[in-house]
Amino acid sequence: MIKVGKGDALIIVDVQIDFCPGGALPVPEGDKIVPVINEYIRKFKTAGALIVATRDWHPPNHISFRSQGGPWPPHCIQGTRGAEFHPDLRLPEGALIISKATDPLKEAYSGFEGTDLTDKLREAGAKRVFVGGLATEYCVKNTVLDAVERGFETFLLEDAVRGIDVKPGDVERAIKEMLERGAKKITLTEIK
Ligand code: VGL
Ligand code: ZN
């Protein structure tokens, strides 16, 4: 069991309408993690931990879009409905929202890239971070690896992530890589 408290941060990655079924870049079963994440939120909130939600927040001409030669259909365009958090996600008051990949010329899968997330976590006194969300092998993976690199003890929320698996095996390989690099995996029942 792990007892959460101050000094911990929950990082919810890109639980947005466009990444859920029916959205512009749907992650299969992406919406299934929402009730699980809500339970994590409840536990972390009760424990006085910091709660962070990242969001993919692209300009309409973002470099990752096919129209610009990138790999993805247009998604999570700033101010559109698809860029909103999933309507059932219960982000508490005081949650820190981190917008990323806002530069038209730069892809940024990690919540740390081009944002002040590191400073915000340090200011809050966070030593451990717990990361879940969408998609496992893109934004979750890059956020987890950056957290490890920055010296945070980093946990992957195994039951609160889903991936795209563009190539079958991508998700499995991503999880393996995160664990090899020092992240640990954990599920809701192990959290007190
Ligand atoms: C993501 C693909 C493109 C993600 C963002 O949030 O994992 N994936 N943009
Ligand atoms: Zn994106």
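Our subject is the structure listed above.
Below: a short report on this structure. (Residues numbered from 1 in each chain as written. Chains lettered and ligands numbered in written order. Predicted model: local features only at pLDDT ≥ 70, side-chain atom pairs only at ≥ 80, totals over all residues. Heavy atoms only, no water.)

1. Observations concerning the site of ligand 1
Okay, so step 1: All residues adjacent to ligand 1 are D14, F19, L25, D56, W72, H75, Y109, L134, A135, Y138 and C139.
Okay, so step 2: Here D56 contributes a side-chain N or O atom positioned 3.1 Å from a nitrogen atom of ligand 1.
Okay, so step 3: At 2.9 Å, a backbone N or O of A135 approaches an oxygen atom of ligand 1.
Okay, so step 4: Calculation on ligand 1 without its partners gives an accessible area of 260 Å², and the protein chains cover 100% of this total.
Okay, so step 5: Cavity membership is defined here by more than half of the atoms lying within 2 Å of grid points; on that basis ligand 1 lies in the largest cavity.
Okay, so step 6: Partitioning the shell around ligand 1 into residue classes produces eight nonpolar, one polar and two charged. (Near = heavy atom within 4 Å. Polar contact = N/O pair within 3.5 Å; in protein donor to acceptor, adjacent residues only side chain to side chain. Areas by Shrake-Rupley, 256 points an atom, 1.4 Å probe, with all protein chains shown as cover. 1 Å grid on protein atoms, 1.4 Å probe; cavity = no way out; pocket = protein on both sides within 12 Å on 5 of 7 lines; lining within 4 Å. Sits in = over half its atoms within 2 Å of the grid points. Nonpolar A, V, L, I, M, F, W, Y, C, P; charged D, E, K, R; others polar.)

2. A look at the packing of aromatic side chains
Okay, so step 1: For the coordinates displayed, the defined rule picks out five aromatic pairs.
Okay, so step 2: Taken together, a centroid distance of 5.4 Å and an interplanar angle of 55° make the contact between Y109 and Y138 tilted. Residue Y109 is found in the loop between β3 (96–100) and α2 (117–123), and its partner Y138 is found in helix α3 (residues 136–149); the two are separated by 29 residues along the sequence.
Okay, so step 3: The class of Y109 is partly exposed, set by a relative accessible area of 22%.
Okay, so step 4: Since its relative accessible area comes to 17%, Y138 is described here as buried.
Okay, so step 5: Their ring planes at 25° and their centres at 6.3 Å tell us that F112 and F152 sit as a pair that is stacked. Remark: F152 occurs in the loop between α3 and β5 (153–162) and F112 occurs in the loop between β3 and α2; sequence separation between them is 40 residues. (Phe/Tyr/Trp six-rings, centres within 6.5 Å; stacked < 30°, edge-to-face > 60°. Helix = DSSP H or I, 4+ residues; strand = E, 2+ residues; numbered from the N terminus. Buried < 20%, exposed > 50% of the residue type's maximum accessible area, 1.4 Å probe, protein only.)

3. Considerations on unusual backbone geometry
Okay, so step 1: Residue A135 is bonded to the preceding L134 through a cis peptide linkage, with omega at -15°.
Okay, so step 2: Structurally, A135 is set in the loop between β4 (128–134) and α3.
Okay, so step 3: With a phi angle near 60°, E29 is a residue other than glycine that sits in the positive phi range.
Okay, so step 4: Considering the arrangement of structural elements, one finds E29 in the loop between β1 (8–13) and α1 (34–46).
Okay, so step 5: Its relative accessible area of 39% is what places E29 among the partly exposed residues.
Okay, so step 6: A positive phi angle, near 50°, is found at C76, a position not held by glycine.
Okay, so step 7: Considering the arrangement of structural elements, one finds C76 in the loop between β2 (50–56) and β3.

4. Concerning the pairing of β3
Okay, so step 1: Burial of the side chains of β3 is restricted to one face: L96, I98 and K100 are buried, whereas none of I97 and S99 on the reverse face is.
Okay, so step 2: In terms of strand pairing, β2 meets β3 through five bridges, oriented parallel. Along β3, the bridge assignment pairs R55 with S99. (Pairing = 2+ DSSP bridges.)

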